[in-house]
Structures are given as structure tokens and as C-alpha cells.
Amino acid sequence: MATLHIEHPISDFATWKAAFDRFADMRRQSGVLAERIQQPVDDSRYVVVDLDFAGTAEAERFLTFLRERVWSSPDSSPALAGTPQTRILEPADAGRSLT
């Protein structure tokens, strides 16, 4: 299991959410198993998104799609107000050393 963790500022949540929803089919086709959208309790102009995939390869491919096709186009990401910060995460007990 791998999680693509994304966070960034937005200009308006409703506009951002509508754009996010337009890519629901692409997320499904790309292997997203679950998604979570959260916002800081003290900042309505910031979103945190976690997208779960079966493995890191799927997460990396989808991150490339986001960078090249979504975030690079104001029409595809109309409420994006800054550069997204991303990380691909795995469970800490995924059999690898933490040292």
C-alpha cells in the first residue's frame, strides 16, 4: 500500500472541489483505492489530500499525471493558489529498516 500525500493552498474550496471531482474517473482508472480530503481547522484556504494505491509505482505514475496534465494548466486546476507539496508514503512497518 502506498499513499500519495498532497497539500497546497487554494483560493476557494468549492471551486477546488469541483475541479477535483472532474478527475474522479481518472483517479479510479489510475488505481486510487481510497481518498481523503482534509483541511486545517484554522485555514479554509488549504487542503490536504491522501490518495491510496496498491503500490508506489501507481502513486508515482499518478503524481506524474498531476504534475504534467493537471497542475500545469489553470483550466484544470482553477483554485490552485500555490505549488503542491507531495510525498509518497508507505506504512512504517512495510518490511524496511527505519534506521
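Computed from a predicted model, the values in this text were never measured in an experiment.

(A) Structural view of the overall build of the chain. Broken down by element type, the chain carries 3 helices and 4 strands. Overall, the C-alpha framework of the chain stretches about 40 × 30 × 20 Å when taken along its three principal axes. Looking at the chain as a whole, 33% of its 99 residues qualify as buried. Put simply, 67% of the contacts in the chain that link residues at least 6 apart link residues at least 24 apart.

(B) A look at the sheet that holds strand β4 (residues 85-89). Taken in spatial order, the 4 strands make up an open sheet running β2-β3-β1-β4, and their pairing is antiparallel. The outermost strands of the open sheet, each flanked by one partner alone, are β2 (34-38) and β4. Put simply, the sheet's adjacent strands are angled 15° from each other on average, direction ignored. Here strand β1 (residues 2-9) pairs with strand β3 (residues 46-53) via 8 bridges, running antiparallel. Across the sheet, residue L4 finds its bridge partner in β3, namely L51. On top of the sheet, helix α1 (residues 13-22) reaches β1, β2 and β3; it is set at about 170° to β2, its chief contact.

(C) Examining α1 more closely. If you check which residues of α1 are buried, you get W16, A19 and F20. Looking down the long axis of α1, one finds its buried residues gathered within 105° of arc, a one-sided arrangement. In α1, the exposed positions that point more than 90 degrees away from the buried face belong to A14 and R22. Lining the buried residues of α1 we find β1, α2 (24-29), β2 and β3. At the N-terminal end of α1, a side-chain oxygen is found 3.4 Å from the backbone nitrogen of A14, two or three residues along, and the residue is D12.

(D) Spatial organisation of the pattern of salt bridges. Within this structure, the stated rule accounts for 4 salt bridges. One salt bridge connects D25 with R28, and the closest N-O pair in it is separated by 2.3 Å. With D25 and R28 both in helix α2 and 3 residues apart, the pair spans about one turn of that helix. Relative accessible area serves as the criterion here: at 44%, D25 is assigned to the partly exposed category.

Cut-offs and rules
- Residues numbered from 1 in each chain as written.
- Predicted model: local features only at pLDDT ≥ 70, side-chain atom pairs only at ≥ 80, totals over all residues.
- Heavy atoms only, no water.
- Helix = DSSP H or I, 4+ residues; strand = E, 2+ residues; numbered from the N terminus.
- Buried < 20%, exposed > 50% of the residue type's maximum accessible area, 1.4 Å probe, protein only.
- Contact = heavy atoms within 4.5 Å.
- Pairing = 2+ DSSP bridges.
- Axes fitted to C-alpha atoms, helices over the stretch in contact; angles between N-to-C directions.
- Arc of directions from axis to C-beta.
- Polar contact = N/O pair within 3.5 Å; in protein donor to acceptor, adjacent residues only side chain to side chain.
- Salt bridge = Lys/Arg side-chain N within 4 Å of Asp/Glu carboxyl O.

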